[in-house]
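Here are the chains, one letter per residue:
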Amino acid sequence: MKSSRLWLLSLFILALSCLAIYANTLWLRNEKKPFTIGITRYTTQLTIDTKSLEKILSREILVVYYEDESALLKALYEQKLDAFLINPFDFIAHHQSLGGAKAIASLKVDYFLISKIDSSGDFKSVASFDDHISAILINQRNIKQIHMSRPLERLAALQDGLVDLIVIESANFDSTKHQIIEKISSKGYDFNLLVLIDDDQQIARDIQVNLFENVDVQVPDEEKLMRVMNHLFQMEIIKKRIEYSDLVYTIGF
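Residues numbered from 1 in each chain as written. Predicted model: local features only at pLDDT ≥ 70, side-chain atom pairs only at ≥ 80, totals over all residues. Heavy atoms only, no water.

The next subject is the packing of helix 2 (residues 50–57) against helix 7 (residues 201–211). Between helix 2 and helix 7, the shortest axis-to-axis distance is 10 Å and the interhelical angle comes to 150°. Classified by the angle their axes make, helix 2 and helix 7 are roughly antiparallel. Here helix 2 and helix 7 pass one another in a crossing that is right-handed. Contacts between helix 2 and helix 7 involve Ser52, Leu53, Ile56 and Leu57 from the first element and Ile203, Asp206, Ile207 and Asn210 from the second. Split by residue class, the contact of helix 2 with helix 7 holds five nonpolar, two polar and one charged. (Axes fitted to C-alpha atoms, helices over the stretch in contact; angles between N-to-C directions. Helix = DSSP H or I, 4+ residues; strand = E, 2+ residues; numbered from the N terminus. Parallel < 35°, antiparallel > 145°, perpendicular 65-115°, else oblique. Left-handed = near helix turned anticlockwise from the far one by under 90°. Contact = heavy atoms within 4.5 Å. Nonpolar A, V, L, I, M, F, W, Y, C, P; charged D, E, K, R; others polar.)

Turning next to the sheet that holds strand 1 (residues 35–40). Pairing is mixed across the open sheet formed by six strands, whose spatial order is 2-1-3-10-4-11. Single-partner strands in this sheet number two, and they are strand 2 (61–66) and strand 11 (217–218). The pairing of strand 3 (residues 83–86) with strand 10 (residues 191–196) spans four bridges and is antiparallel. Its bridge partner lying in strand 10, Ala83 is registered against Leu196. Packed onto the sheet, helix 7 meets strand 1, strand 4 (102–108), strand 10 and strand 11 and runs at close to 140° relative to strand 10. (Pairing = 2+ DSSP bridges.)

It is worth spelling out helix 6 (residues 151–159) at this point. Taken as a whole, helix 6 has its buried residues at Pro151, Arg154, Leu155, Ala157 and Leu158. The arc that holds every buried residue of helix 6, seen down its axis, measures 160°, which confines them to one face. Elements that come into contact with the buried residues of helix 6 comprise strand 5 (111–116), strand 6 (125–128), strand 8 (165–169) and strand 9 (178–183). Of the residues flanking the end of helix 6, it is Gly161, one or two places downstream, whose phi is positive at about 80°. (Buried < 20%, exposed > 50% of the residue type's maximum accessible area, 1.4 Å probe, protein only. Arc of directions from axis to C-beta.)

Turning our eyes to something else, we now look at the nonpolar core. Counting 43 residues, the largest nonpolar core has Phe84, Phe91, Ile92, Val195, Leu225 and Leu247 as its most contacted members. At five residues, the largest contribution of residues to this core is made by helix 8 (residues 222–234). Ignoring sequence-local partners within four residues, the contact set of Val195 consists of Asp82, Ala83, Phe84, Ile86, Phe91, Ala101, Lys102 and Ala103. (Core = buried A, V, L, I, M, F, W, Y, C linked by side-chain atoms within 4.5 Å.)

What follows is the structure in structure tokens.
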């Protein structure tokens, strides 16, 4: 009887030892693996103190730029990213397929629908980069839409007269060359989201501490984010409504 108990105890200790070794191996692997943040080239640049964040997370920080939204989403589904910067429409539209991904920060941004400053107002074509923001700005205008993911490509197309309108981030607007037809901020949408892939509250807090020193970065506004969600629901892009707490890390706020 005693030998049987001793054998069970030995087996239990061995199992605990193996589990500890496995957990330590995973921890070391994660520690050495860079923390990778994905950004599309047309979105707001993320101002982040990578050296400071590396010290906080004890991991190398990599910021990888993708040519367009499809390339970013492909990297997400291939599990190459730990976090990513995206507009709220695309985040919520793809939320169900992203597991436990949640937004940890909101960054101020504006998008304009613009024409050349000497435009006659007879608009027949527009160059855009996405489905949701562009649709709101174009606002059912009966014009031909051309997809161009790169801002410089859109600007060149407008300058050369290949299109009459383009959708562009406000940072690329030149008041000496362009006139604003619509602003996305006037519709109540004026932010992009930094999203964390894994459900890790400690990492979320650590990144927020690093980012929130920037005055243009804050916790996503509930009313504005729910307005985006309701828009997508009413357009039948998402099948059911999503709670704010399922979209954003709200711990500590």
